[in-house]
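# Structure at a glance
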Amino acid sequence: MILYLRITAPLVSDEGYWKRCCKARWSVCDTDQYGNSWKRMFFERNLENLIENFVPEATDMTEIVETLELSKDFIKRLRIRQLLPQIKDITVTLSPEEEISDQGSDTGTDDTLDHFDFGAIIHKLHNLEELSVTYGVRNCGMNFEWSLFEFTQKDCFLLAKAIKSCPHLQILRLQRCQIEDDKARLIISNLLHHPGLKILDLSHNKVGDRTGRAAGKLLSVNKTLSELHLSDNQIKAEGASAIAFALKKNTTLEVLNLKLNRISDEGGKNLCQALLKNTTLLSIDLSSNGLGEQMAAALAEVLSRNTSLRHITISCNKLGVAGGRVLQEGLEENRVLETFDLRLTEISQQSEHSIMNVVKGNKEELQSTA
């Protein structure tokens, strides 16, 4: 393949040719996700396949390096759905000195790799805008082991270093990587002064309040971030409160997703206090967070005073009948809210019907004046 790419990559721009190449390799091809460019699709998916099948200390990097040189100008996004771990020989018995030296792997001071090192390619991808990575193995079947889904300390160190060296990166997604607080904080610390990051997604991991505090610092320092996704984690009231404190002065964040956490009424009320001062957030998702009537009362005040929020999701929380009435009253003077998800919140049908009528009226009014 490398031989013909050396000829076709710089010389062939005909989309019909690259369409045939794509359809010959992949059964499902949707150019909408690739800026309607077949050539871009081919080179992005080709490099993704090479990375997803790379085995540390076993796979020769030559093909990836040569492919990178030919395709670097056409790659804007990499979505890596799996990363294979190093194949370790379980028959080898380590000496006491070798067991102690495992600490070097954690800090990134030895030469072996646990997974693919993105630092080897990112500095050459000058057009890369989005990086989405899952540290794990797809379709492992009966060979399942938790070690196949481990995001190691060395992985984290190398990835954080690579991201920091990519100032044009706009979107970073690290979902389902078993990331815990220490690793998340290391990644975030390398993003504090990133000049281009717009979206950070650490959903479906194991981060908690310490990451919430780090996220708060990120919102206080970074001047470009517009979306923060931390859904399906272990963030409680303390972490949510740290994010809320930063939101009071933040002027760039537009989307905050904290669904499937444990922020409780305390964290929810602190977020609502922040929303009384914040004027840029457009969408917030607090579904499945153990919220109750106290949160409903705090949110009602936000609905009556905030003029920027367009979308609120608070489903799967026990707001109760009384909470529904309070929200209904708070929404009476609201003219900007377009969507309000209140499913499975135990409010009365009457309150829900009234709220939906107000939201529908707002949406129609906004569309008519657009």
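Residues numbered from 1 in each chain as written. Predicted model: local features only at pLDDT ≥ 70, side-chain atom pairs only at ≥ 80, totals over all residues. Heavy atoms only, no water.

## Some details on the environment of L113
We count it as follows: A run of DSSP states H or I qualifies as a helix once it reaches four residues; a run of E qualifies as a strand once it reaches two. Both are numbered from the N-terminal end. Each residue's exposure class comes from its accessible area (1.4 Å probe, protein chains only) as a fraction of the maximum for that residue type: buried when under 20%, exposed when over 50%, partly exposed otherwise. By the convention used here, residues are in contact when the closest approach between their heavy atoms is within 4.5 Å.
Relative to the helices and strands, L113 is located in the loop between α6 (102-107) and β2 (130-133). The exposure class assigned to L113 is buried, which follows from its relative accessible area of 19%. Taking the C-alpha atoms as reference, L113 lies 37 Å from D285; in sequence the two are 172 residues apart. Excluding residues that lie within four positions of it along the chain, L113 makes contacts with P56, E57, Q86 and L158.

## Describing the packing of helix α2 (residues 15-25) against helix α3 (residues 38-52)
Keep this limit in mind: Under this scheme, a helix contributes an axis fitted over its contacting stretch, all axes are lines through C-alpha atoms, and angles between N-to-C directions fall in the 0 to 180 degree range. Handedness of each helix crossing follows the sense of rotation of the near helix against the far helix: counterclockwise by less than a right angle gives left-handed, clockwise gives right-handed. Side-chain classes follow a simple rule in which Ala, Val, Leu, Ile, Met, Phe, Trp, Tyr, Cys and Pro form the nonpolar group, Asp, Glu, Lys and Arg form the charged group, and the remainder, Gly included, forms the polar group.
Between α2 and α3, the shortest axis-to-axis distance is 8 Å and the interhelical angle comes to 35°. At the point where α2 passes α3, the crossing takes the left-handed sense. Residues E15, W18, K19, C21, C22, K23 and R25 of α2 form the contact with α3, whose participating residues are W38, K39, M41, F42, F43, N46 and N49. Along the lines of polarity and charge, the residues of the contact of α2 with α3 split into 7 nonpolar, 2 polar and 5 charged.

## Focus: the pairing of β2
Put simply, the test is: The rule for pairing is simple: two strands pair if DSSP sees at least two bridges between them.
The side-chain alternation of β2 yields two buried faces, one formed by E130 and S132 and the other by L131 and V133. As judged from the 4 bridges shared by strand β1 (residues 77-80) and β2, these two strands associate in the parallel manner. Looking across to β2, one finds that L78 is bridged to L131. When β2 meets strand β3 (residues 171-173), the two strands line up parallel, connected through 3 bridges. Counterpart to E130 in the pairing with β3 is I171.

## Here's the deal with the pattern of salt bridges
For clarity, the threshold we go by: Whenever Lys or Arg places a side-chain nitrogen within 4 Å of a carboxyl oxygen from Asp or Glu, that contact is recorded as a salt bridge.
On inspection of all chains with the given rule, the structure shows 13 salt bridges. For the salt bridge of D182 with R210, the shortest nitrogen-to-oxygen distance reads 2.7 Å. Of the two residues, D182 is situated in helix α8 (residues 181-189) and R210 in helix α9 (residues 209-221); the sequence distance between them amounts to 28 residues. Judged by its relative accessible area of 34%, R210 falls in the partly exposed class. One continuous salt-bridge network, built from bridges that share partners, spans R79, E130, R173 and D201.

## Regarding the side chain of N233
Our working rule: In the analysis that follows, any N or O atom pair within 3.5 Å is treated as a polar contact, provided that within protein one partner can donate a hydrogen and the other can accept it, and provided that, for residues neighboring in sequence, both atoms belong to side chains.
Turning to its location among the elements, N233 is positioned in the loop between β5 (227-229) and α10 (237-247). Separated by 3.1 Å, the side chain of N233 and the backbone oxygen of L230 make a polar contact. In terms of polar contacts, N233 uses its side chain to reach the backbone carbonyl oxygen of S231, at 3.1 Å.

## Considering the nonpolar core
The condition that has to hold: Residues belong to one nonpolar core when they are buried, are Ala, Val, Leu, Ile, Met, Phe, Trp, Tyr or Cys, and are joined through side-chain atoms within 4.5 Å.
Within the largest apolar cluster, 96 residues are counted, with the highest numbers of intra-cluster contacts made by F118 and F340. Ignoring sequence-local partners within four residues, the contact set of F340 consists of L299, L303, I312, I314, L327, L331, I355, M356 and V359. Core analysis: the next-biggest nonpolar cluster, separate from the first, contains 6 residues, V137, C140, L148 and F149 among them.

## What to know about helix α14 (residues 349-369)
What counts, and what does not: Multiply 1.5 Å by the residue count of a helix minus one, and that product is the helix's expected span.
Between the first and last C-alpha of α14 there are 30 Å, a value that for 21 residues agrees with the 30 Å anticipated at 1.5 Å per step. The secondary structure elements touched by the buried residues of α14 are α13 (320-330) and β9 (339-341).

## Observations concerning the side chain of T8
Note on placement: T8 falls in helix α1 (residues 2-11). For T8, the residues in contact, after removing those within four places along its chain, are Y17, W18 and K39.

## Digging into the packing of aromatic side chains
Quick note on the threshold: We call Phe, Tyr and Trp rings a pair once their centres come within 6.5 Å, taking the six-membered ring for Trp, and we label the pair stacked below 30 degrees between planes, edge-to-face above 60, and tilted otherwise. We call a charge positioned over a ring when the NZ of a Lys or the CZ of an Arg lies within 6 Å of the ring centre and within 35 degrees of the ring normal.
Scanning the model with the defined rule gives 11 aromatic pairs in all. Here the aromatic rings of Y135 and F151 are separated by 4.5 Å at their centres, their planes lie at 55°, and the arrangement is tilted. In this pair, Y135 is assigned in the loop between β2 and α7 (153-164) and F151 in the loop between β2 and α7, connecting sequence segments 16 residues apart. Considered together, Y135 and F151 belong to a single accessibility category, that of buried residues. Each residue in the set Y17, W18, W26, F42, F43 and F74 is aromatic and connected to the rest through ring pairs, giving one cluster. Taking NZ or CZ as reference, R77 lies 4.9 Å from the ring centre of Y34, over its face.

## Here's the deal with the sheet that holds β5
Picture the strands of a sheet paired through backbone hydrogen bonds; they go either parallel or antiparallel. Ordered by their spatial adjacency, 9 strands build an open sheet running β1-β2-β3-β4-β5-β6-β7-β8-β9, and the pairing between neighbours is parallel. Pairing within the sheet leaves two strands with one partner each, and these edge strands are β1 and β9. Strand-to-strand twist across the sheet, computed as the mean angle between neighbouring axes with direction ignored, equals 0°. Pairing between strand β6 (residues 255-257) and strand β7 (residues 283-285): 3 bridges, direction parallel. Opposite N257, over in β7, you have D285 as the bridge partner.

## Things to note about unusual backbone geometry
Residues other than glycine seldom take positive phi values, yet N36 does so here, at roughly 60°. With a phi angle near 65°, E346 is a residue other than glycine that sits in the positive phi range.

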